[in-house]
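Listed here are the chains, written in short residue letters.
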Amino acid sequence: MTETRRTTSGHEGLAFEEPLSFEIGSPDKTAVDLPRLPDGTRQHADGTLGGLRRQGPIGLTGLSEPEVVRHYLRLSQKNFSIDSGFYPLGSCTMKHNPRLNEKLARMPGLGDLHPLQPVATVQGALELMDLVAHWLKTLTGMPAVALSPGAGAHGELVGLMTIRGALEARGDARRRILVPESAHGTNPATAVACGYTVEAIPANARGRVDLKALKAALSDDVAGVMVTNPNTCGLFETDVMEIAAAVHAVGAFFYCDGANFNSIVGRVRTGDLGIDCMHINLHKTFSTPHGGGGPGSGPVVLSAALAPFAPLPWVVHGPDGFVLAEHADDTGGDPVGRVKGFHGQFGMFIRALGYMMSMGADGLHQASADAVLNANYLLARLKDVMSASFDGPCMHEVLFDDRFLKNTGVSTLDFAKALLDEGFHPMTVYFPLVVHGAMLIEPTESESKETLDSFIATMRALAERAGKGDVDFFHEAPRFTPRRRLDETKAARSPVLRWRPPAVDQAAE
Ligand SMILES: *Cc1c(COP(=O)(O)O)cnc(C)c1O
């Protein structure tokens, strides 16, 4: 299966070539020893169950327990994760997930709760949600928060739904949403999913929203703007308060994409900037595991004007303790409905609260400073050999483009592939779209200077190699990964998701 087998077995040292379970197992094997049936007969893999006989093969593979254990362990070892190495994926905040949070989330009193338990038996859990809400409201200076959205993009949708709710409640069905060009793809997608038309606002030469262009596009049919701050170029939107004033002057709402909150948490309060709503990715800023490794969570903080439209359920303080407002009639508001089963990602609330409380206010204040410091350290140590896209310091992530690779025959993609061979997860490439061949690097505050120095040394060596025109080296990368260059477009467009037995394939041909 490997392109060039260098060993007889296909394994290379301790890097195993692992076939699918269907390819290593056989239907007549099983890891379970089933007891005899009441009539004394045995259940057989040959298709008999008591007096019943299977009509045809069911196509399941069979493995013994040690084979199962090895198969899944080996697959898991192919994952690159924040626990295995440096993961400077810009816009993703791949920081360390403290093990304390995992321990808290697994405590039986929390982990074994059932969402349908009577409210009187889960007062502690509701208090925990109330406390998470308290921290998020305090850190953002906003009066309300909807906890239930299941990810950042989901939070965006809920935020826009509350904006639409508020506008429609005043009989003002506006149609347009303005989104800067540098926005994450989820922003325009969310606006369209919510029934709006999207207009792109260009960036200025400083990598910020072009204020003049934004003002020119504003009118009384604009429902809102969606601005990411700090933005996806890793820069603070210095005109943010003027943007808010201009947006409010035409009766529109200011949505802030708060995915980059990690760089300002404990230092800048969203509410003070004139923002009406903002989602917070608990899996970025508050160190809960990211999507693929566990459910995300994207609470949305809301201004007083938008709070009545928040989705259900709400935790409220009743006379005899905490209660859940689960029906529109209980709320005194006009909620946009329910957006998630039960209460949202409760396990993530536990982890995020564990993080916030163990860090403390001073710790969060320090973390955002360190995140920004680490990114600026990379900028300072790399800008003489790579091309920084914008002048001046950055926030928590640093953006380079491919001008330093000009005329070398090496592309941003080649550069990223070469990093794989060096044991680093590549940075985000080709995003944001506002610069050519983007390389967006986010080290986060949880990396040591030693790790950053080793990354810097590697990046400098690669940049030098590209400068010398060693094109073959880059075009052949990666050399040491289980698979080399994949046809990524084909993998995304026509993924093969189902294994078929070879015989079936032949019959179909
Ligand atoms: C991560 C991110 C999102 C989306 O968040 P998900 O939790 O992945 O849905 C939106 N905007 C920006 C700028 C992001 O970095």
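Here the structure is a predicted model, which is why all the values come from computation and not from measurement.

Asker: Summarise the nonpolar core; cite the residues concerned and give the values.
Answerer: Across soluble globular proteins, nonpolar side chains have a tendency to be buried as a group. With 57 residues, the main nonpolar core has Leu136, Phe254, Phe286 and Met356 as its most contacted residues. Secondary-structure elements contributing two or more residues to this core are helix 5 (123-140), helix 8 (211-217), strand 6 (222-228), helix 9 (240-249), strand 7 (253-257), strand 11 (321-325) and helix 12 (346-382). Formed jointly, this core draws a minimum of three residues from each of two domains, domain 2 (101-356) and domain 3 (361-493). Look past the residues within four positions of Phe254 in its chain and what remains in contact with it is Val225, Val227, Val240, Ile243, Ala244, Val247, His248, Gly274, Ile275, Asp276 and Cys277.

Asker: Quick rundown of the packing of aromatic side chains? Include the residues and the values.
Answerer: Considering all chains together, one arrives at 10 aromatic pairs under this definition. Taking the centre distance of 6.3 Å and the plane angle of 70 degrees together, the rings of Phe286 and Tyr355 count as edge-to-face. You can see Phe286 sitting in the loop between helix 10 (282-285) and strand 9 (300-302) and its partner Tyr355 sitting in helix 12, a full 69 residues away along the chain. Comparing Phe286 with Tyr355 shows no difference in burial state: the two are buried. Look at Phe404 and Phe415: their rings are 5.5 Å apart centre to centre, the planes differ by 90 degrees, and that puts the pair in the edge-to-face class. In this pair, Phe404 is assigned in the loop between strand 13 (398-401) and helix 13 (412-421) and Phe415 in helix 13, connecting sequence segments 11 residues apart. Taking the relative accessible area as the measure of exposure, Phe404 reaches 16% and is therefore buried. According to the relative accessible area criterion, Phe415 is buried, its value standing at 0%. Here the aromatic cluster, defined as three or more aromatic residues joined through ring pairs, consists of Phe404, Phe415, Phe473 and Phe474. The cationic tip of Arg74 hangs over the ring face of Phe16; the distance from NZ or CZ to the ring centre is 3.7 Å. Its end group placed over the ring of Phe473, Arg465 keeps NZ or CZ at 3.7 Å from the ring centre.

Asker: Describe in detail the UniProt feature "domain: Glycine dehydrogenase C-terminal" (unreviewed entry) in the protein, supporting the description with residues and values.
Answerer: Taken from the UniProt record, the annotation "domain: Glycine dehydrogenase C-terminal" (unreviewed entry) applies to residues 367-464. As annotated, residues 367-464 comprises 43% helix and 11% strand, and the C-alpha atoms at either end are separated by 33 Å.

What counts as what
Residues numbered from 1 in each chain as written. Predicted model: local features only at pLDDT ≥ 70, side-chain atom pairs only at ≥ 80, totals over all residues. Heavy atoms only, no water. Core = buried A, V, L, I, M, F, W, Y, C linked by side-chain atoms within 4.5 Å. Buried < 20%, exposed > 50% of the residue type's maximum accessible area, 1.4 Å probe, protein only. Helix = DSSP H or I, 4+ residues; strand = E, 2+ residues; numbered from the N terminus. Domains from an automatic or database assignment. Contact = heavy atoms within 4.5 Å. Phe/Tyr/Trp six-rings, centres within 6.5 Å; stacked < 30°, edge-to-face > 60°. Lys NZ or Arg CZ within 6 Å of the ring centre and 35° of its normal. UniProt positions renumbered as here; feature names shortened; annotations may be inferred.

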